[in-house]
Amino acid sequence: MCKAGEVLDTFYPRIIHLTCLVHGFHRISETIRFQFSEVDSLISNVKKIFLKAPSRIQTFKDMYPDLTLPPEPIITRWGTWLSAVLYYSNNFEKIRNVVLNLDPEAAMAIKKTVELIDSKNLQNNLAFISTNFGFLVDTISKLETSKMPLTERLEIVDNAIKQLERVPGEIGVLTNSKLKNVLEKNTGFNTEKFGAETRDLHIHRINTTKISTRIIQGKSDQLLKNNSKTSAVDQRVSEVSTSI
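In this text the structure is predicted, and so the values were computed from the model without any measurement. For every chain, the first residue of the written sequence is number 1, and numbering continues from 1 onward in sequence order. Local features in this predicted model are restricted to residues whose pLDDT is 70 or higher, and side-chain atom pairs enter the listing and the counts only when it is 80 or higher, whereas totals over whole chains, interfaces and linings include all residues. The side-chain figures draw on all heavy atoms in the structure; neither hydrogens nor water molecules are used.

Visitor: Help me out: how do you make sense of the overall build of the chain in this one?
Guide: Helix numbering and strand numbering both begin at the N terminus, where a helix is a DSSP run of H or I of at least 4 residues and a strand a DSSP run of E of at least 2. Helix and strand counts for the chain come out as 13 helices and zero strands. Classification of the 244 residues of the chain by burial places 34% in the buried group. Considering only contacts in the chain between residues 6 or more positions apart, those separated by 24 or more positions represent 73%. Each accessible area is a Shrake-Rupley estimate made with a 1.4 Å probe; only the visible protein chains count as cover when residues are assessed. With an accessible surface of roughly 15,600 Å², the chain has 54% of that area assigned to carbon and sulfur atoms. Exposure is judged per residue with a 1.4 Å probe applied to protein chains only, and the accessible area is read against the type maximum: over 50% gives exposed, under 20% gives buried, and values in between give partly exposed. Note on contacts: a residue pair qualifies if any of its non-hydrogen atoms lie within 4.5 Å across the two residues.

Structural data, given as structure tokens:
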């Protein structure tokens, strides 16, 4: 795609080839997942525990009827892994109680999960990810929305970049390095003409709205004039008919 964009740029100098920014944020999410193996293992094993297991699902519902079942994230679906992290961070103790209520000898996934939930760092890591990266779920969801103005999308991206730059520690350095790498490869996002084109587009939207309003107003005025003429003719016809 990038090479195709370079070729097209030769023939169309004003073209802006902007690659998918949502996919870029998903790649940052993958970087986060690789750094927290225990969290990733928890999500994967709990998913296996309730997969095609009606009796365990019933146990879960009996203990916490108002709580939804643990999410089943799919790695290739943007934002689903981070959504699962938010779920486990908010409901860690409940999930822990359910798992400890199951027979660890019934499945390897239960046994592994029991070992994981005793880890001292697991709950802290869940809290760290949800606090510092939970906003990416909302960012990805908004950018996937159709018919959103380009200026609004850029504002969402800028806010996400600023929040990622505030992430502390080594993981903050890694995610910002990944962010820099993703944006550098997205030549359309970094080009100066992209900023100019965006401003022109915003102005064009405003002007188009004003023109559309004037056209609608003009059509309304013309329609009122036509209706007035029609009423006058009908009234004259009525008077002639009465006199006859």
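Visitor: Any chance you could explain the packing of aromatic side chains here in plain terms?
Guide: Aromatic rings in a pair are described by how distant their centres are and how their planes are angled relative to each other. Each aromatic pair joins two rings of Phe, Tyr and Trp (for Trp, the six-membered one) with centres within 6.5 Å, and gets the label stacked for planes under 30 degrees apart, edge-to-face for over 60, and tilted for any other angle. Taken as a whole and assessed by the stated rule, the structure comprises four aromatic pairs. Considering the side-chain rings of Phe 36 and Phe 128, the 6.2 Å spacing of their centres and the 35° angle between planes classify their relative orientation as tilted. Of this pair, Phe 36 sits in the loop between helix H2 (21-35) and helix H3 (37-50) while Phe 128 sits in helix H8 (residues 120-133), placing them 92 residues apart in sequence. By relative accessible area, which is 25% here, Phe 128 ends up partly exposed. Through a chain of ring-to-ring contacts, the aromatic side chains of Phe 36, Phe 128 and Phe 133 assemble into a single cluster.

Visitor: I'm lost on the nonpolar core in this one. Help?
Guide: The nonpolar side chains of a soluble globular protein tend to be buried with one another. Buried residues of nine kinds, namely Ala, Val, Leu, Ile, Met, Phe, Trp, Tyr and Cys, make up a nonpolar core once their side-chain atoms join them within 4.5 Å. Ranked by internal contacts, the top residues of the largest apolar core, which has 53 residues, are Phe 25, Val 39, Tyr 88, Ile 129, Phe 133 and Leu 136. If we skip the residues at most four places from it in the chain, Val 39 touches Trp 81, Val 85, Leu 122, Asn 125, Leu 126 and Ile 129.

Visitor: Any chance you could explain empty space enclosed by the protein here in plain terms?
Guide: Over the atoms rolls a probe the size of a water molecule, and in doing so it shows where empty space is left. Two kinds of site are reported from a 1 Å grid over the protein atoms alone, namely cavities, where a 1.4 Å probe fits but cannot get out, and pockets, open sets with protein on both sides within 12 Å along at least five of seven lines, and residues are called lining when an atom falls within 4 Å of a point. Grid points are joined across faces, edges and corners, and a volume is the space filled by probe spheres set on the points. Across all of its chains, the model carries two cavities of 30 Å³ or more by this definition. As a volume, the largest cavity reaches approximately 50 Å³. Lining the largest cavity are Leu 21, Gly 24, Phe 25, Ile 28, Val 157, Leu 179, Val 182 and Leu 183. Elements with a contribution of two residues or more to the lining of the largest cavity: H2 and helix H11 (169-185). The dominant element in the lining of the largest cavity, judged by the number of residues it contributes, is H2, at four residues. Amino acids outside the nonpolar list (Ala, Val, Leu, Ile, Met, Phe, Trp, Tyr, Cys, Pro) and the charged list (Asp, Glu, Lys, Arg) are all regarded as polar, and Gly is one of them. Each residue belonging to the lining of the largest cavity can be placed in one class, and the counts come to seven nonpolar, one polar and no charged. By volume, the second largest cavity amounts to about 40 Å³. When residues of the lining of the second largest cavity are traced back to their parent elements, those giving at least two are H2 and helix H5 (80-90). In terms of residue count, the dominant contributor to the lining of the second largest cavity is H2 (three residues).

Visitor: Sorry, what's going on with the packing of H3 against helix H7 (residues 108-117) here?
Guide: In the contact formed by H3 and H7, the axes pass within 9 Å of each other and the chain directions differ by 145°. Here the hand of the crossing between H3 and H7 comes out left-handed. Of the residues in H7, those touching H3 at Glu 38, Ser 41, Leu 42, Asn 45, Val 46, Lys 48 and Ile 49 are Ala 109, Ile 110, Lys 112, Thr 113, Leu 116 and Ile 117. Lines are fitted to the C-alpha atoms to define the axes, a helix being fitted only along its stretch in contact, and any angle between axes, read from their N-to-C directions, falls within 0 to 180 degrees. The handedness criterion is simple: a crossing whose near helix is rotated anticlockwise from the far helix by less than a right angle is left-handed, and one whose near helix is rotated clockwise is right-handed.

Visitor: Help me understand the pattern of salt bridges in this model?
Guide: If charged atoms from side chains of opposite charge come close, those side chains can pair. Within this document, salt bridges are pairs made up of a side-chain nitrogen of Lys or Arg and a carboxyl oxygen of Asp or Glu, the two lying within 4 Å of each other. Applying the stated criterion to the full structure yields four salt bridges. Of the charged contacts in the structure, one is a salt bridge between Asp 118 and Arg 96, with a shortest N-O distance of 3.8 Å. Of this pair, Asp 118 sits in the loop between H7 and H8 while Arg 96 sits in helix H6 (residues 92-100), and the two are 22 residues apart along the sequence. If you follow the salt bridges from partner to partner, you end up with Glu 30, Arg 33 and Asp 40 in one network.

Visitor: Is there a simple way to think about H7 in this case?
Guide: Residues spaced three or four apart along an α-helix face the same direction, because each turn holds 3.6 residues. If you check which residues of H7 are buried, you get Ala 109, Ile 110, Thr 113, Leu 116 and Ile 117. Looking straight down H7, one finds its buried side chains confined to an arc of 125°; they lie on one side. Away from its buried face by more than 90 degrees, H7 exposes Met 108 and Glu 115. Contacts made by the buried residues of H7 are with H3, helix H4 (54-63), H6 and H8. The directions considered for the arc run from the helix axis to the C-beta atoms.

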